[in-house]
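Structural overview
Chain residues, written in single-letter form:
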Amino acid sequence: MVFLTRILHRAPTARKRGFVDKLRVYVRGGSGGMGLPKHNGRGGDGGHVIFVAKEDMTLKQVIDATPNKRFIAGVGTHATRRAIQGDRGPNLRVEVPTGISVLTDTKQVIGNLNQPGDQVVVAKGGQGGAHWSDFLPKKGQIRSVTMELKLISDIGLVGFPNAGKSTLLKAVSSADPKIADYPFTTMRPQIGIMQYEDLRRVSLADLPGLIEGAHNNAGMGHHFLRHVERTKLLLFMVDVHGFILSMKHPHRTAFQTVALLMKELELYKSDLVDKPTVLAINKMDIEGAEEKTEELLYKLNHFEDAVTDLPKDMRPKRRVEFEDIFQISAKEKQGLNELKGKVRAILDETLEEEQEKEKRQAIRRIQKESSYGKTVERTVDII
């Protein structure tokens, strides 16, 4: 009977978990060791809890490896007559995914782990007992922290539900996202890889459907917008025929859709508006698309005037400047080669700028170190 009770009690934790992009865990640094007053001995410091970024790691794997979600570092050893300096407690190194931000419960950022090997101390060990603490050790830092995954991809697809993002992802990559004619077919981020003839690979993220009010966490809200932050290029996708979420919601034209997408990004984080952005006008294979496209392009070319016709709560304060605008049919694979070529060119240009920036920073760092060395030499000469 007891055996059955244990099985039944464990059953809920055995259910299959889906995509995990947020995880709250308990972390505790190791306590310090006792000091030894008689011999002025000092206890060893407690170990730290350290998160280390690892490629191809997922938050689900973190949960599977440690279901209780508690991470506790080792304690420092006590000072003794034979070893008046206690040994430091072992650090606990926890492998976590790349692309996460580690936050406190008050939303303070402890660290961002973007590259494999990046690491951050999330709970410090306590000091060992010594003469300044009456030889009593300190406890390690104790707190709960949250890991938020922000996907790192080259391109982020931005659009309202059913704009055709999943269809585009399937058309240009080997990804196989869910596709249907109802909102929120994408319930979790999907990543596809576009490969060019020269074997250059570009990652493309299809993110959960955005709706009005997402900046206030409406719909999938921050579950979508959080992942936009670390993309290098935004690809706006709009249905040329407009969008309606449900019969209870008003129909939005293609221009209204573009304005609302700008508004949501602006309200969530204003600097997202400055990211390189391309607009794809989708579903050009459907009757009446050309007339609606002409209307959309006219309003985009006269944006300042056209936006005054919108309600005030729909007007973006800052306009997203599109690098280029494409007319496509993701379903029929029309116009996709031109689109792929343009995003490749923008990403290559962005990469060159980043490399040039890193080179300039490295030169300044070397010059600073060289200058510091000469200053030291001159000081020595004077002495």
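In this text the structure is predicted, and so the values were computed from the model without any measurement. (Residues numbered from 1 in each chain as written. Predicted model: local features only at pLDDT ≥ 70, side-chain atom pairs only at ≥ 80, totals over all residues. Heavy atoms only, no water.)

Each helix and strand in the chain was counted, giving eight helices and 14 strands. In the chain, once contacts between residues fewer than 6 apart in sequence are set aside, the share between residues at least 24 apart is 72%. Summing over all exposed atoms, the chain offers an accessible surface of approximately 21,900 Å²; the carbon and sulfur share of this is 50%. (Helix = DSSP H or I, 4+ residues; strand = E, 2+ residues; numbered from the N terminus. Contact = heavy atoms within 4.5 Å. Areas by Shrake-Rupley, 256 points an atom, 1.4 Å probe, with all protein chains shown as cover.)

Bringing the environment of P137 into the picture now. Among the structural elements, P137 can be located in the loop between β7 (119-123) and β8 (142-149). Classification of P137 by relative accessible area gives partly exposed; the value is 28%. Expressed as a C-alpha distance, the spacing of P137 and G43, which sit 94 residues apart in the sequence, is 7.2 Å. With sequence-adjacent residues up to four places away left out, P137 is seen in contact with G32, G33, M34, Q127, G128 and G129. (Buried < 20%, exposed > 50% of the residue type's maximum accessible area, 1.4 Å probe, protein only.)

Across the sheet, which stays open at both edges, the six strands sit in the order β10-β11-β9-β12-β13-β14 with mixed pairing between neighbours. Edge positions in the open sheet fall to β10 (190-195) and β14 (322-327), since each of these has one partner strand only. Here the strands of the sheet are splayed against their neighbours by 25° on average, with no regard to which way each runs. In this structure, strand β9 (residues 155-158) lies alongside strand β12 (residues 233-239), joined through four bridges in parallel fashion. (Pairing = 2+ DSSP bridges. Axes fitted to C-alpha atoms, helices over the stretch in contact; angles between N-to-C directions.)

There is a patch of like negative charges on the surface, built from E323, E349, E352, E353, E354 and E358. When residues of the negative patch are assigned to their parent elements, the largest contribution, five residues, is made by helix α8 (residues 336-382). Counting through the fold element by element, E349 comes out in helix α8. Judged by relative accessible area, E349 falls into the partly exposed class, the value being 46%. (Patch = residues over 30% accessible without salt bridge, like charges linked within 9 Å, V, L, I, M, F, W, Y side chains within 5 Å. Salt bridge = Lys/Arg side-chain N within 4 Å of Asp/Glu carboxyl O. Lys, Arg positive; Asp, Glu negative; His and termini not counted. Charge placed at Lys NZ, Arg CZ, Asp CG, Glu CD.)

Core analysis: the biggest nonpolar cluster contains 33 residues, and F236, V258, L279, L296, L300 and F322 have the highest contact counts within it. When residues of this core are traced back to their parent elements, those giving at least two are α4 (221-228), β12, α5 (254-268), β13 (277-282), α6 (289-301) and α7 (303-306). Among the elements that take part in this core, α5 stands out by supplying eight residues, more than any other. Setting aside chain neighbours within four positions, we find L296 in contact with V238, A254, F255, V258 and I281. (Core = buried A, V, L, I, M, F, W, Y, C linked by side-chain atoms within 4.5 Å.)

Even without being a glycine, D56 presents a positive backbone phi close to 65°. By the secondary structure assignment, D56 is in the loop between β2 (49-54) and α2 (59-65). Since its relative accessible area comes to 69%, D56 is described here as exposed. One non-glycine residue, K283, lies in the positive phi region at around 70°. If you trace the backbone, K283 turns up in the loop between β13 and α6.

Before going further, it helps to spend a moment on the sheet that holds strand β3 (residues 70-72). In spatial order, the strands read β3-β1-β8-β5-β6; together these five strands make up an open sheet with mixed pairing. In this open sheet, the two edge strands, each paired with only one partner strand, are β3 and β6 (109-113). Averaged over all adjacent pairs, the angle separating strand axes in this sheet is 25°, with direction ignored. Bridge count between strand β1 (residues 22-28) and β3: three bridges; the pairing is parallel. Along β3, the bridge assignment pairs V27 with F71.

As a further point, take the pairing of β10. Direction of pairing for β10 relative to strand β11 (residues 201-206): antiparallel, over a ladder of six bridges. Across the sheet, residue I193 finds its bridge partner in β11, namely S203. From the end of β10 to the start of β11, which pair antiparallel, there are five residues, and L199 there has a positive phi angle of about 75°.

Along helix α3 (residues 165-172), the residues that are buried comprise K165, S166, L168, L169 and V172. All buried residues of α3 lie within an arc of 160° about the axis, which places them on one face of the element. (Arc of directions from axis to C-beta.)

What follows deals with the packing of α5 against α6. Where α5 contacts α6, the axes come no closer than 9 Å and their chain directions differ by 45°. In terms of axis orientation, α5 runs oblique to α6. Residues A254, F255 and V258 of α5 pack against L296, K299 and L300 of α6. Looking at side-chain class alone, the contact of α5 with α6 contains five nonpolar, no polar and one charged residues. (Parallel < 35°, antiparallel > 145°, perpendicular 65-115°, else oblique. Nonpolar A, V, L, I, M, F, W, Y, C, P; charged D, E, K, R; others polar.)

What follows covers the packing of aromatic side chains. One pass over the full model with this rule turns up four aromatic pairs. Centre to centre, the rings of F160 and F243 are 5.2 Å apart; their planes meet at 45°, and the pair counts as tilted. Placement of F160 in the loop between β9 and α3 and of F243 in the loop between β12 and α5 is noted, with a sequence separation of 83 residues between them. For F160, a relative accessible area of 2% corresponds to the buried category. A relative accessible area of 11% places F243 in the buried class. Taken together, a centroid distance of 5.8 Å and an interplanar angle of 65° make the contact between F255 and F303 edge-to-face. (Phe/Tyr/Trp six-rings, centres within 6.5 Å; stacked < 30°, edge-to-face > 60°.)

Here we take up the pairing of β1. Pairing of β1 with β8 involves seven bridges; the strand directions are antiparallel. Looking across to β8, one finds that R28 is bridged to I142.

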